[in-house]
Amino acid sequence: MASTLPPVSEILLKQFILERVLNEDPVTRQIILLGLLPTGPQKENQPAIIQLTKTAFGDGVNAVRDWIHGLSRVSVIDQNDVYGEALGWHSSTTEGEPGCKISLVLNATPEHIAKKTKQKPILIRETPQTYRDVMLPYIDSIPKKRIQWVYNILSHETESEKIVFEDASPTSGFIILPDFKWDRVTMSALYLVAIVHSEDIRSLRDLRKNHIAMLKNIRREAARSCEAKWGVGKAGLKMYLHYLPSYYHLHVHIVSAEMEGWPGMNVGHAHLVDDVISLLETEPEGVFERMTLTYTVTDLHPLAASLQLAQDQVAW
């Protein structure tokens, strides 16, 4: 029997009556809507679901270049050292919602370029010895100026107006503020970061039992601040640390529990704060110093070859 449904067309879609949003994913840039369309036997309104996905940029370098040059308005969200975030409008009018969020890295170094380049992932099992022999010398060699933007935040030189909580203790204190990746509008993409004041805690490997109180305080104040400011309580938040981190100064990621598919949440990268606290509480001192930690690096990471060589020499 032939279908009596009308063909999908511009005319049909313009008659859509929106009732509510069923789902929204800021990572995949999709939104799923429930509404009504006149598709009944007598053209009466019937429930309809529409899923919208923002399309990719045009093919080729010229298309992307022309898209950037065609921006009609840019509004800066933040700028700290070489990093900048902005909203962009790409039309003849500057009214309404922005069409894109723009992230910039100025004076980009080879490390910046490698981080943003599509790369092949390599699984590494880092033993305590590999950490001491390969990773630690690398961490020690990183110049402090590479994370000057972190020190700018901790000293209130930049982004002080964004701070939602601070414990000023130089040994156990921290600052909580929105992360650059969040536009501070899309609640399902809520993203904050807690940065510790101490320069002695560079990564998960450095955590000891005396840091349990600090981690619990971060967890508690992050939940309290998000509840007070955005109405998102502890049941609506994920908190985790990265290993390997993107920069070696301890920080905790605080994101909406609605966020799924973000690369930083992958197995082999993210360690839930709850699990970290539990291990510190239940295991003998130095658990993260003794553990073999499994993670991915990419083929462009400066230690890729050295880590693989060290891994190949360990029985498995």
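A. View of the packing of helix α4 (residues 128–141) against helix α9 (residues 304–312). Put simply, α4 and α9 touch, their axes get as near as 10 Å, and they point 160° apart. Judged by the inter-axis angle, α4 sits roughly antiparallel to α9. Between α4 and α9 lies a crossing of right-handed hand. On α9, the residues that touch T130, V134 and M135 of α4 are S306, L307 and A310. For the contact of α4 with α9, the per-class residue count stands at four nonpolar, two polar and no charged.

B. Geometry of empty space enclosed by the protein. Counted under the stated rule, the structure contains one cavity of 30 Å³ or more. Of the voids in this model, the largest cavity is the one considered here, and its volume is about 40 Å³. Lining the largest cavity are R202, S203, L204, L241, H242, P245, H249, L250 and H251. Here the lining of the largest cavity is built from residues that sort into four nonpolar, four polar and one charged.

C. Spatial organisation of the pairing of strand β2 (residues 30–38). The sheet contact formed by strand β1 (residues 17–25) and β2 spans seven bridges and is antiparallel. Residue pairing in the sheet places D25 in a bridge with Q30 of β2. Hairpin connection between β1 and β2: a loop of four residues separates the two successive antiparallel strands, and R29 in this loop has a positive phi of roughly 60°.

D. Local environment of unusual backbone geometry. Residues Y243 and L244 are joined by a peptide bond in cis, for which omega reads 0°. Look at N107: it is not a glycine, yet its phi comes out positive at around 50°. Secondary-structure assignment places N107 in the loop between β6 (100–105) and α3 (110–116). N107 sits in the exposed class, given a relative accessible area of 70%. Residues other than glycine seldom take positive phi values, yet R184 does so here, at roughly 65°. Residue position: R184 is located in the loop between β9 (174–178) and β10 (191–196).

Procedures and definitions
Residues numbered from 1 in each chain as written. Predicted model: local features only at pLDDT ≥ 70, side-chain atom pairs only at ≥ 80, totals over all residues. Heavy atoms only, no water. Axes fitted to C-alpha atoms, helices over the stretch in contact; angles between N-to-C directions. Helix = DSSP H or I, 4+ residues; strand = E, 2+ residues; numbered from the N terminus. Parallel < 35°, antiparallel > 145°, perpendicular 65-115°, else oblique. Left-handed = near helix turned anticlockwise from the far one by under 90°. Contact = heavy atoms within 4.5 Å. Nonpolar A, V, L, I, M, F, W, Y, C, P; charged D, E, K, R; others polar. 1 Å grid on protein atoms, 1.4 Å probe; cavity = no way out; pocket = protein on both sides within 12 Å on 5 of 7 lines; lining within 4 Å. Points joined across faces, edges and corners; volume = space filled by probe spheres on them. Pairing = 2+ DSSP bridges. Buried < 20%, exposed > 50% of the residue type's maximum accessible area, 1.4 Å probe, protein only.

Just distances and angles here, no functional claims.
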